[in-house]
Amino acid sequence: FTEGDSVAFGNCPYIADVTTIKIQRPTYGQRAYYNGHKKCHTVDFHCVHSGTGRVYSIIGPIPGAHNDITAAKQSLVYNYPHKYLLPNHCVLADLAYHYIGYPFLCRIAYQESYLPLENAYNLLHSRVRVISENFYGRYKLLWTYWHKPWAMKLDDVGLAFRALVITTNIIITIQDPLRRWN
């Protein structure tokens, strides 16, 4: 990730986050899929991606009542970091991953005061995290299918999401990334 002329987080080639997809109310197990934050039934997908839009790992669908940590602990990057990451590399993540630890790198938090270097680190981390949030917004704009929760059945959402991720990876390879770094 570049910040001006310098490389920021050179040992973090990936960003991890969870995206929620609205679905129809399931026939069974409605409570497990109800997301109290979004006030609707959802499923979550944990994605590990580059900032350019290429997705490298997907875990899901996970019932929407679960949080980011539940999804992250099911990921291969968390369970087998030595297989998926180079030594001393980690995955940039938001504060929800704070208590998981390696391989997820979060901002410094829960202190009464911060040193100037810690403030600079947190600012840089926040700027890079915006890339992840913008990534999911662009993804949902690219595939407007996700804006129709009445069309998304629980049985179809996992296969549909994976198919769209593969299609997007192909588009990025042939054409342009979702985000340019320079």
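For the structure, see preceding data.
Residues numbered from 1 in each chain as written. Predicted model: local features only at pLDDT ≥ 70, side-chain atom pairs only at ≥ 80, totals over all residues. Heavy atoms only, no water.

Asker: Please explain the overall build of the protein as it appears in this structure.
Answerer: Across its full length, the protein carries six helices and eight strands. The order of helices and strands in the protein, counted from the N terminus, is β-β-β-α-β-β-β-α-α-α-β-β-α-α. In the protein, the share of contacts with a sequence separation of at least 24, taken over all contacts with a separation of at least 6, comes to 59%. Total accessible area on the protein is roughly 10,400 Å²; 55% of this is exposed by carbon and sulfur atoms. (Helix = DSSP H or I, 4+ residues; strand = E, 2+ residues; numbered from the N terminus. Contact = heavy atoms within 4.5 Å. Areas by Shrake-Rupley, 256 points an atom, 1.4 Å probe, with all protein chains shown as cover.)

Asker: So what exactly am I meant to see when it comes to the environment of Val 43 here?
Answerer: The topology assignment puts Val 43 in strand 5 (residues 40-49). Remark: the alpha-carbon pair of Val 43 and Leu 154, spanning 111 residues in sequence, is separated by 8.2 Å. Apart from residues no more than four positions distant in its own chain, Val 43 is found in contact with Thr 19, Thr 20, Ile 21, Ile 23, Tyr 33, Pro 61, Ile 62, Gly 64, Leu 154 and Val 157.

Asker: Got a minute to help me understand the packing of aromatic side chains in this structure?
Answerer: Within a pair of aromatic rings, the relevant descriptors are the distance that separates the centres and the angle that separates the planes. Applying the stated criterion to the full structure yields three aromatic pairs. Here Phe 45 and Phe 161 contribute two aromatic rings whose centre-to-centre distance is 4.1 Å and whose plane-to-plane angle is 15 degrees, an arrangement assigned as stacked. Residue Phe 45 is found in strand 5, and its partner Phe 161 is found in helix 6 (residues 154-174); the two are separated by 116 residues along the sequence. Owing to a relative accessible area of 0%, Phe 45 belongs among the buried residues under this scheme. Residue class for Phe 161 comes out buried when judged on its relative accessible area of 2%. Its end group placed over the ring of Tyr 80, Lys 83 keeps NZ or CZ at 5.0 Å from the ring centre. (Phe/Tyr/Trp six-rings, centres within 6.5 Å; stacked < 30°, edge-to-face > 60°. Buried < 20%, exposed > 50% of the residue type's maximum accessible area, 1.4 Å probe, protein only. Lys NZ or Arg CZ within 6 Å of the ring centre and 35° of its normal.)

Asker: Could you clarify how one ought to interpret the environment of Cys 12 in this entry?
Answerer: For Cys 12, the position within the fold is in the loop between strand 2 (6-7) and strand 3 (14-22). Between the alpha carbons of Cys 12 and Asn 88 there is a distance of 9.0 Å; along the sequence they are 76 residues apart.

Asker: Explain unusual backbone geometry here, please?
Answerer: Phi is mostly negative for residues that are not glycine, and the peptide bonds are mostly trans. At the junction of Gly 60 and Pro 61, the peptide bond is cis and its omega measures out at 5 degrees in the coordinates. Position of Pro 61 relative to the elements: it lies in strand 6 (residues 55-63). Here Lys 39, not a glycine, exhibits a phi torsion of approximately 60 degrees, which is positive. Note on placement: Lys 39 falls in the loop between strand 4 (34-35) and strand 5.

Asker: Explain the nonpolar core to me, please; I cannot follow it from the model alone.
Answerer: Nonpolar side chains tend toward joint burial in soluble globular proteins. One finds Val 43, Phe 45, Cys 47, Val 55, Ile 58, Tyr 139 and Phe 161 to be the most contacted residues of the largest nonpolar core, which totals 16 residues. Looking at this core element by element, the count peaks at four residues for helix 6. Counting residues in each nonpolar core, the second largest holds 15 residues, with Ile 59, Ala 71, Ala 93 and Cys 106 among its members. (Core = buried A, V, L, I, M, F, W, Y, C linked by side-chain atoms within 4.5 Å.)

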